[in-house]
Amino acid sequence: AQSVTQLGSHVSVSEGALVLLRCNYSSSVPPYLFWYVQYPNQGLQLLLKYTTGATLVKGINGFEAEFKKSETSFHLTKPSAHMSDAAEYFCAVSGPNAGKSTFGDGTTLTVKP
Amino acid sequence: DTAVSQTPKYLVTQMGNDKSIKCEQNLGHDTMYWYKQDSKKFLKIMFSYNNKELIINETVPNRFSPKSPDKAHLNLHINSLELGDSAVYFCASSQEGTGEETQYFGLGTRLLVL
């Protein structure tokens, strides 16, 4: 069984500040981990993912995440927030031949001018 | 040339009616999914099809019936609509459905049951 916990349903940062969105997972097999972003009235789109290899993963729009097996975490960061980053962010976990991803409850990111 | 397209985008209907949502993907993927996103933005998988075969059927009322006429299409028919069915329904697709692939989502169908 797999599960995802996103700590903080709402995160608010000032423009230019560091963005940190937290994700912890539970998995009985080596996990595949994803971050998706959902802009208002849109579908989800992939920001980045970890499957194997390098644990620091870089994605689109300046986001990156680090897989930490010992902490069962996959936190999403961006050094400097832009107004356009305001959106809903979902962490998801899957596994080999899982056939599906399990999504977290989402974190709403607000960026203040 | 949208990758995953859903129709309609909005659907407003009365309780008790039957409605269908259509989904098509032009990415050549083998696996398609239906998700339900509620008013709190929680996203739950409902069904998954791989090459027209039902792979995943989560705990969903049997009023919901998916149909995949071919691997590029996955439709969702809902009978006897209830107020609680109001949500945004997303279709998605991925290459094989083994778990490590990226899922590509449609823009969603916003269903409101009155």
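As the structure is a computational prediction, the values presented were derived from the model and not from experiment.

Student: Break down the environment of Met 46 of chain B for me, with residues and values.
Tutor: Position of Met 46 of chain B among the secondary structure elements: in strand β5 (residues 43-50). Sequence separation between Met 46 of chain B and Asn 75 of chain B is 29 residues, and the spatial gap between their C-alpha atoms is 12 Å.

Student: Pulling in residues and values, what's your account of the side chain of His 29 of chain B?
Tutor: In this fold, His 29 of chain B is placed in the loop between β3 (19-25) and β4 (31-37). Beyond its immediate stretch of four places on either side in the chain, His 29 of chain B contacts Lys 71, Ser 93, Ser 94, Gln 95 and Tyr 104 of chain B.

Student: Mind laying out the packing of aromatic side chains, listing which residues take part and the relevant values?
Tutor: All names here are of chain A. For the structure on display, the rule yields 13 aromatic pairs over all chains. Ring plane angle 35° and centroid distance 6.0 Å describe the contact between Tyr 25 and Phe 67, whose orientation is recorded as tilted. Of this pair, Tyr 25 sits in strand β3 (residues 19-27) while Phe 67 sits in strand β7 (residues 64-68), and the two are 42 residues apart along the sequence. Residues Tyr 25 and Phe 67 agree in their burial class; the two are buried. Between Tyr 50 and Phe 67 the ring centres are 4.4 Å apart and the planes differ by 25°, which places this aromatic pair in the stacked class. You can see Tyr 50 sitting in strand β5 (residues 44-50) and its partner Phe 67 sitting in strand β7, a full 17 residues away along the chain.

Student: Which residues make up the pattern of salt bridges, and what are the values?
Tutor: Enumeration over the complete set of coordinates arrives at 6 salt bridges over all chains. Lys 100 of chain A serves as the salt-bridge partner of Glu 58 of chain B, at 3.1 Å between the closest nitrogen and oxygen. Here Glu 58 of chain B is found in the loop between β6 (53-57) and β7 (64-70), whereas its partner Lys 100 of chain A is found in the loop between β9 (87-94) and β10 (102-103) on a different chain. A relative accessible area of 24% means that Lys 100 of chain A is categorised as partly exposed. The closest approach of N and O atoms between Arg 63 of chain B and Glu 82 of chain B, which form a salt bridge, is 3.5 Å. Taken as a pair, Arg 63 of chain B in the loop between β6 and β7 and Glu 82 of chain B in the loop between β8 (73-78) and β9 (87-94) lie far apart in primary sequence, 19 residues in all. Linked through salt bridges whose partners overlap, the residues forming this network are Arg 63, Glu 82 and Asp 85 of chain B.

What counts, and where the lines are drawn
- Residues numbered from 1 in each chain as written.
- Chains lettered and ligands numbered in written order.
- Predicted model: local features only at pLDDT ≥ 70, side-chain atom pairs only at ≥ 80, totals over all residues.
- Heavy atoms only, no water.
- Helix = DSSP H or I, 4+ residues; strand = E, 2+ residues; numbered from the N terminus.
- Contact = heavy atoms within 4.5 Å.
- Phe/Tyr/Trp six-rings, centres within 6.5 Å; stacked < 30°, edge-to-face > 60°.
- Buried < 20%, exposed > 50% of the residue type's maximum accessible area, 1.4 Å probe, protein only.
- Salt bridge = Lys/Arg side-chain N within 4 Å of Asp/Glu carboxyl O.

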